[in-house]
Amino acid sequence: MIKEIGIFVVAVILAPLIGGFLSGIDRKLTAFIQGRYGPPIWQPFYDVIKLLYKQRLLVNDFQVFSAYMYLLSAILSVGLFAIKADLLMILFIMSVGLVFYIAGALSTKSPYSQVGAQRELMQMLAYEPMLIFFAIAVYNVTGSFNLAQIMTHGKLLLDLPLMFILLGLVLTIKLKKSPFDLSASEHAHQELVRGILTDYSGPYLALIHIADWYELVLILAMIAILWSQNLVIGALIALATFFVDIVIDNITARMTVKWMLAFSWSISILFTIVNIAYIYFRR
Amino acid sequence: MGLKEFVEKSFKKSPWVLHYNCSSCNGCDIEILACMTPLYDMERFGMVNVGNPKHADILVVTGTVNHKNKEVLKNIYDQMPEPKVVVAVGVCAATGGIFREAYNVLGGIDKVIPVDVYVPGCPAKPEAIIDGLYKAAEILKEKYEKMGKAEEVLK
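Anyway, here's the lowdown on the structure attached to this text. (Residues numbered from 1 in each chain as written. Chains lettered and ligands numbered in written order. Predicted model: local features only at pLDDT ≥ 70, side-chain atom pairs only at ≥ 80, totals over all residues.)

Comments concerning the overall build of chain B
Item 1. The helix and strand inventory of chain B stands at five helices and seven strands.
Item 2. The C-alpha atoms of chain B give 16 Å as radius of gyration, which agrees with the globular expectation for 155 residues (15 Å, within 12%).
Item 3. Expressed as a percentage of its 155 residues, the buried residues of chain B come to 46%.
Item 4. For chain B, restricting intrachain contacts to residue pairs at least 6 apart in sequence, the fraction spanning at least 24 positions comes to 82%. (Helix = DSSP H or I, 4+ residues; strand = E, 2+ residues; numbered from the N terminus. Rg over C-alpha atoms; globule rule 2.2 N^0.38 Å. Buried ≥ 20, exposed ≤ 12 C-beta atoms within 10 Å, placed from the backbone. Contact = placed C-beta atoms within 7 Å.)

Regarding the interface of chain B and chain A
Item 1. Facing 19 residues of chain B, the contacting portion of chain A comprises 24 residues.
Item 2. Put simply, the parts of the chain that give the side of chain B that touches chain A at least two residues each are helix H1 (3–13) and strand S2 (48–50) of chain B.
Item 3. Broken down by element, the side of chain B that touches chain A gets its largest block of residues, five residues, from H1 of chain B.
Item 4. Counted by class, the side of chain B that touches chain A contains six nonpolar, seven polar and six charged residues. (Nonpolar A, V, L, I, M, F, W, Y, C, P; charged D, E, K, R; others polar.)

Side note on helix H5 (residues 111–142) of chain A
Item 1. In this model H5 of chain A runs 46 Å from its N-terminal to its C-terminal C-alpha over 32 residues, within 8% of the 46 Å that 1.5 Å per residue would give.
Item 2. Where H5 of chain A terminates, the next one or two residues include Gly143 of chain A, which has phi positive at roughly 75 degrees. (Expected span 1.5 Å × (residues − 1).)

Comments concerning the sheet that holds strand S3 (residues 58–62) of chain B
Residue and element names in this part refer to chain B.
Item 1. Read from one edge to the other, the open sheet built from five strands follows the order S2-S1-S3-S5-S7, with strand pairing classed as parallel. Each edge of the open sheet is held by one strand with a lone partner, namely S2 and strand S7 (117–119). Pairs of neighbouring strands in the sheet enclose a mean axial angle of 30 degrees, with direction left out of account.
Item 2. Here three bridges tie strand S1 (residues 16–21) to S2, and the two strands are oriented parallel to one another. Its bridge partner lying in S2, Leu18 is registered against Val50.
Item 3. Running at roughly 140 degrees to S3, helix H2 (residues 27–35) makes contact with S1, S3 and strand S5 (85–89) of the sheet. (Pairing = 2+ DSSP bridges. Axes fitted to C-alpha atoms, helices over the stretch in contact; angles between N-to-C directions.)

Some remarks on the pairing of S1 of chain B
Within a regular strand, the side chains alternate between the two sheet faces.
All names here are of chain B.
Item 1. The β-α-β motif built from S1, the intervening H2 and the parallel element S2 has right-handed crossover chirality.
Item 2. One ladder, built from five bridges, connects S1 with S3; its direction is parallel. Directly across from Leu18, in S3, lies its bridge partner Leu59. (Right-handed = clockwise from strand over helix to strand, strands pointing away.)

Geometry only, nothing functional implied.
Right, here's the structure in full:
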């Protein structure tokens, strides 16, 4: 029990550091691809610390609650992942936080915030089925939703190659990368001002950034357990997926919400059916 | 390095820039956009171009103020959270420039909001603008330090 609490605390402390460092690499690599020099690697930490110490400007009190709930659920899901809890429970806790994040944006009157929140809902609708399908496919191979049991199967990647591609897609949609950067106008695009983040400002924006880092680490960890025989190789696979996502972000243009839904649903249903059929026929 | 020093350094290293075109002729605006291109790349100083006053630290204003947009400028300035810095880019924003005597022009933007850095030029060069923004980031750090001292006095 004490050991598990220790692992929980260590994961909760380490995850934002890793997530912030990775998003720093993201910005540097994006600058490199665009032929720029780019900000320092530690830039996301400077941004978040600065935001934490800015003046608090509130539209309503519910925003504060929803920003904290989003951070709390992200922390809980990463911590539960570290102590190898139930995969389905982790997914549901993660989506509860996102619902608060969206509700907080919907609670303001700004039309930009409203449209951003609607689009974020659509993005959730696009990737939540993929995550659930992933859990189902993992259950089909291992016979359990428990992470400790799942991780006894060393090389899940060989059984679930298509689900791995789906997880890569989830990462792209979750990080709001092109072609799915619909809800928050990443990279100085300002057609929705800042979309869902428009009315979160100062310290609350910082909380949301930290929660985003947790979720980045969570999705990367889900990719990493596909090679749980040697977690170093698993982490390398996850990092490779992350870098491919950054390259895709830089070489694609934004698409519409309708296209995203049609694409992600058809791909996820097709890949899941093919992959589960593959598992059955191999037995 | 303690937490206090790191916070102060963060304010200097991460100024987010909001650009408002206050009836400018677009000359200075093009030069501001040039600062974001690979040639000048203002992101290497951590400067990000944001479109939301609630996220911004530095307000960059180009052009003169007239009776129509003085309320807009004041409104944008009021929406920014403290600490905040204003940079006036180009002679129009600084003094009114060649439009100074026009019947609808109030003059430089310092007639409406307090200005911290003036960047001269018609249009201002991208090098001068980045220089001004860097200066503004240093003023932002100073303002944060002053905010902390004011809070200590109020306690």
